[in-house]
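Reading the structure
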Amino acid sequence: MAKTKLMDFDRALELFEPVIGLEVHVELNTKTKMFSSAPNTFGAEPNTNLTPVCLGLPGSLPVVNEQAVRYSLSLGLALGCEIAEVSGFARKNYFYPDMAKNYQISQYDDPIAFDGSVEVELASGRVVHVPIERAHMEEDAGKLTHVGGSTGRIQGAEYSLVDYNRAGVPLVEIVTRPVFGGEADTPEIAAAYVATIRDIVIALGISDARMERGNLRCDANVSLRPRGNEDAGMSVLGTRTETKNVNSLRSVERAVRFEIQRQAQILADGGTITQETRHWHEDTGETSPGRPKSDADDYRYFPEPDLAPLTPSRELIEELRAALPEHPTLRRRRLREEWGFSALEFQDVVNAGLTELIEATVGEGVPPQTARKWWTGEIARIANERSAAPAELITPAQVASVVELVDAGTLNDKLARQVIAGIIDGEGTAAEIVEARGLAIVSDDGALIAAVDAALAEQPEVLAKIRDGKVQAAGAIIGAVMKAMRGQADAARVRELVLERAGSAEG
Ligand SMILES: Nc1ncnc2c1ncn2[C@@H]1O[C@H](COP(=O)(O)OP(=O)(O)OP(=O)(O)O)[C@@H](O)[C@H]1O
Ligand SMILES: [Mg+2]
Ligand SMILES: [Mg+2]
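Residues numbered from 1 in each chain as written. Chains lettered and ligands numbered in written order. Predicted model: local features only at pLDDT ≥ 70, side-chain atom pairs only at ≥ 80, totals over all residues. Heavy atoms only, no water.

Applied cut-off: UniProt positions are given in the numbering used here, feature names are shortened, and annotations may be inferred rather than shown by experiment.
Looking at an unreviewed UniProt entry, one finds the protein chain named Aspartyl/glutamyl-tRNA(Asn/Gln) amidotransferase subunit B, with Leucobacter massiliensis as its source organism. Under the UniProt heading Subunit (unreviewed entry), the entry covering the protein chain gives this text: "Heterotrimer of A, B and C subunits." Note on the protein chain: under the UniProt heading Sequence similarities (unreviewed entry), the record states "Belongs to the GatB/GatE family. GatB subfamily."

1. Observations regarding the domain arrangement of the protein chain
The line we're drawing: As annotated, the domain borders come from an automatic or database domain assignment. We call two residues in contact whenever any of their non-hydrogen atoms come within 4.5 Å of each other. What gets called buried area is simply the loss in accessible area from a 1.4 Å probe that two parts show on being joined, summed for both. In protein, a polar contact requires one atom able to donate a hydrogen and another able to accept it; more generally it is a pair of N or O atoms within 3.5 Å, and residues adjacent in sequence count only if both atoms are side-chain atoms. Numbering of helices and strands runs from the N terminus, with a helix taken as a DSSP run of H or I at least four residues long and a strand as a DSSP run of E at least two residues long. For this scheme, ten residues count as nonpolar: Ala, Val, Leu, Ile, Met, Phe, Trp, Tyr, Cys and Pro. Four count as charged, namely Asp, Glu, Lys and Arg, and the remainder, Gly too, count as polar.
When the domains of the protein chain are assigned, the result is domain 1 (9–47 + 66–82 + 110–140 + 169–297), domain 2 (327–437) and domain 3 (445–504). Each of domain 1 and domain 2 has a C-alpha centre, and the two are 35 Å apart. Contacts between the two partners involve seven residues from domain 1, matched on the other side by six residues from domain 2. Taking both sides of the interface into account, the surface hidden between domain 1 and domain 2 amounts to around 530 Å²; carbon and sulfur atoms contribute 48%. The largest per-residue losses of area from domain 1 upon contact with domain 2 belong to E119, E121 and D199, which jointly make up 69% of the total buried on that side. Applying the counting criterion to the domain 1 and domain 2 interface returns three residue pairs in polar contact (both at pLDDT 80 or more). Elements supplying a minimum of two residues to the side of domain 1 that touches domain 2: β5 (113–121) and α4 (186–204). Per-element tally for the side of domain 1 that touches domain 2: the top contributor is α4, with four residues. Here the side of domain 1 that touches domain 2 is composed, by residue class, of three nonpolar, one polar and three charged.

2. Structural notes on the coordination of the magnesium ion (ligand 2)
Four donors placed tetrahedrally around a metal ideally meet at 109.5 degrees, and six donors placed octahedrally ideally meet at 90 or 180 degrees. What counts is decided by this rule: Metal donors: N, O and S atoms at distances within 2.8 Å, or within 3.2 Å for Na, K and Ca, with water omitted from the atom set so that some sites may seem incomplete. Burial status follows relative accessibility: with a 1.4 Å probe on protein chains alone, a residue under 20% of its type maximum counts as buried, one over 50% as exposed, and anything between as partly exposed.
The magnesium ion (ligand 2) binds to the protein through E23 (OE) and E173 (OE), with metal-donor distances spanning 2.0 Å. The distance between the magnesium ion (ligand 2) and the magnesium ion (ligand 3) comes to 3.5 Å, and E23 binds to both of them. With E23 in strand β1 (residues 16–27) and E173 in strand β9 (residues 170–176), this pair connects stretches of sequence that are 150 residues apart. Across the pair, E173 and E23 agree in class, each one buried.

3. Examining the nonpolar core
Note the following rule: Residues belong to one nonpolar core when they are buried, are Ala, Val, Leu, Ile, Met, Phe, Trp, Tyr or Cys, and are joined through side-chain atoms within 4.5 Å.
If you look at the biggest cluster of nonpolar residues, it comprises 68 residues, and the most contacted ones within it are L75, L79, I174 and Y193. Take this core: its biggest share by element is nine residues, from α4. When near neighbours in sequence (up to four residues on either side) are disregarded, Y193 contacts L22, V24, V118, V120, V130, I132, I174 and T176. Listed in part, the 34 residues of the second largest apolar core include V402, A416, A430 and L439.

4. Points about the pattern of salt bridges
Rules: Within this document, salt bridges are pairs made up of a side-chain nitrogen of Lys or Arg and a carboxyl oxygen of Asp or Glu, the two lying within 4 Å of each other.
In total, this model carries 42 salt bridges according to the counting rule given. Note that R166 and D140 form a salt bridge whose closest N and O atoms lie 3.5 Å from each other. Here R166 is found in the loop between β8 (159–163) and β9, whereas its partner D140 is found in the loop between β6 (127–139) and β7 (143–147), with 26 residues between them in sequence. Since its relative accessible area comes to 26%, R166 is described here as partly exposed. Each of D219, R240, E242, K244 and K293 takes part in one network of salt bridges that share partners.

5. Overview of the site of ligand 1
We count it as follows: Here a residue is near a molecule or strand as soon as one of its heavy atoms is found within 4 Å of it. To measure how exposed things are, a 1.4 Å probe is used in the Shrake-Rupley method; for residues, cover is taken only from the protein chains shown.
In the vicinity of ligand 1 there are 20 residues, among which E23, T176, S223, G238 and K293 approach most closely. Contact distances for ligand 1 include 3.3 Å between an oxygen atom and a side-chain N or O atom of E173. Contact between ligand 1 and T176: an oxygen atom at 2.7 Å from a main-chain N or O atom of the residue. Burial of ligand 1 by the protein amounts to 81% of the accessible area it has alone, namely 630 Å². Elements represented by at least two residues in the shell around ligand 1 include exactly β1, β9, β10 (216–226) and β11 (241–246). Broken down by class, the residue content of the shell around ligand 1 amounts to seven nonpolar, five polar and eight charged.

6. Remarks on the coordination of the magnesium ion (ligand 3)
Looking at the metal site, the magnesium ion (ligand 3) is ligated by E23 (OE), E23 (OE) and E242 (OE), spaced 2.1 to 2.2 Å from it. On the basis of relative accessible area, E23 is assigned to the buried category, the value being 13%. For E242, a relative accessible area of 2% translates into the label buried.

7. Quick word on the packing of aromatic side chains
For clarity, the cut-off: Only Phe, Tyr and Trp rings are paired, with Trp represented by its six-membered ring, and only when their centres lie within 6.5 Å; those with planes under 30 degrees apart are stacked, over 60 edge-to-face, the remainder tilted. Our definition puts a charge over a ring when NZ of Lys or CZ of Arg is within 6 Å of the ring centre and also within 35 degrees of the ring normal.
Applying the stated criterion to the full structure yields seven aromatic pairs. Between the aromatic rings of F341 and F346, the centroid separation amounts to 6.4 Å while the plane-to-plane angle is 55 degrees, which identifies the pairing as tilted. Clustering of aromatic rings is evident, with ring pairs tying together Y94, Y108, Y299 and Y301. The ring of Y299 has K92 lying over it, and the distance from NZ or CZ to the ring centre is 4.5 Å. Above the face of the F341 ring, R372 is positioned so that its terminal group lies 5.8 Å from the ring centre.

8. A short note on the packing of helix α10 (residues 368–385) against helix α12 (residues 396–407)
The following threshold applies: Between N-to-C directions, angles cover 0 to 180 degrees, with each direction set by a line fitted to C-alpha atoms, over the stretch in contact for helices. Note on angle classes: values under 35 degrees are labelled roughly parallel, values over 145 roughly antiparallel, values of 65 to 115 roughly perpendicular, and the remainder oblique.
Where α10 contacts α12, the two axes come as close as 11 Å, and the packing angle between them is 105 degrees. In terms of orientation, α10 and α12 fall into the roughly perpendicular class. The residues of α12 that touch α10, namely those facing T370, W374, W375 and I379, are P396, V399 and V403.

9. Remarks on the sheet that holds strand β14 (residues 302–303)
Where we set the bar: In short, DSSP must find at least two bridges between two strands for them to pair.
Within the open sheet, the three strands sit side by side as β4-β3-β14. Their pairing is antiparallel. Each of the sheet's edge strands pairs with one partner strand only, and the pair in question is β4 (103–106) and β14.

10. Focus: unusual backbone geometry
The backbone phi angle of D115 is positive, close to 55 degrees, even though this residue is not glycine. You can see D115 is positioned in strand β5. The class for D115 is partly exposed, based on a relative accessible area of 41%. Positive phi is not limited to glycine here, since R486 has a value of about 50 degrees. Position of R486 relative to the elements: it lies in the loop between α17 (474–484) and α18 (491–504). Take R486: its relative accessible area is 57%, and that puts it in the exposed class.

Below is the structure:
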């Protein structure tokens, strides 16, 4: 495939203002599906999580999942949306083999939540408010696997397999209004917005939110308009493309950036943008055309006759509002300040998914920087080595018990690492491991002095240097003593003793 002609990104921004709109689909982690009692679990044998409702078999009737409604209401509230007093379901009619019913139950002109705003913080610290048009409930379709052929798509495949386990899984689609005002950071805004949605649904506990599993998927709409229209708002918008199902944060950023550069080149060459869906290719970093799509796509929406409208009570809404968790962006800002971490330190913690563990460890009385050091250091290293999650290896209380022994002078950091390894291997409590492995620091000066004297006697040239006032030479002796003590000594105390004994040793 010929490489797509792209305009330099900075040049594209000189000529055009990028406008983006994001549609995020969130799969809810309810026990059962949106309209049936079929289990909502990932990874089951294909076509086993099914009831007649999932397949739309004649005579089957959908029933709304109450948990899914509560989750959707909570999400709507967390997005700062208004909640509709009455909202209904509608049939969106189209044919595709991943959908046995030939229609998807969705919401159309009366979504459950609308008119919200999400605060998004960029790496630079800039805060952007992304306006939310609507969040509506719908059901997921099944999953197709195309076999043979080279496109990975239904066209050209030898045959395709269909798994309806996902058909009927509850979804919320969150749709933004067009986002203006991004410049060089428009691609980053897109990724940071999706990250914030992910954080919100995780904080709410309503979705597993694993993008690689498709629990959270983003369609990225991008258009450009010539400079000079910045104040025109919605009245002058360029033609958009919609890149479908982008499934990582990095890909969202790359796909938006790519579309800006691609569209800019076409427009600058006097061409026009085709309104279409596009596919993102992780390997080449490019998008390719999908199907043409007009705003007037006629899905023949009509009210779902088998479902009554949703009329959540004021009491329920207020109950859910009161139970909302702290907004993840605000929570992060608060924790960062409370812990006194640098932006980089904090970002590392967030990226490693260690925020909650560090918070719990601090709750056990460990200073934040100490908690950070152990979780991002030794524990993360072992977790990585064993492809395990840190939380599965050791608890915050266990980490605190090790830190306590360090503070008490029983352990130094090196010994503490061995104790942590012992805890992870199930050898017992920190105290038991110190006892069983004989790990405690030797605080008996008698044993230390003997080791220091022996090391000084072995390296008379170093001894002479120390006596000449070259104190930095003591490092060699300290090292030898620490080695002789198998690390079980307090290095600061050893240093004191080395200087003391060198001064008094007879030459
Ligand atoms: N000219 C434009 N440039 C960039 N974004 C746009 C433009 N026009 C609309 N958008 C954004 O595109 C998204 C359109 O999503 P919406 O769900 O409303 O419709 P759709 O993509 O036509 O339908 P479907 O849900 O079937 O994909 C919204 O986020 C909207 O803000
Ligand atoms: Mg949409
Ligand atoms: Mg769309």
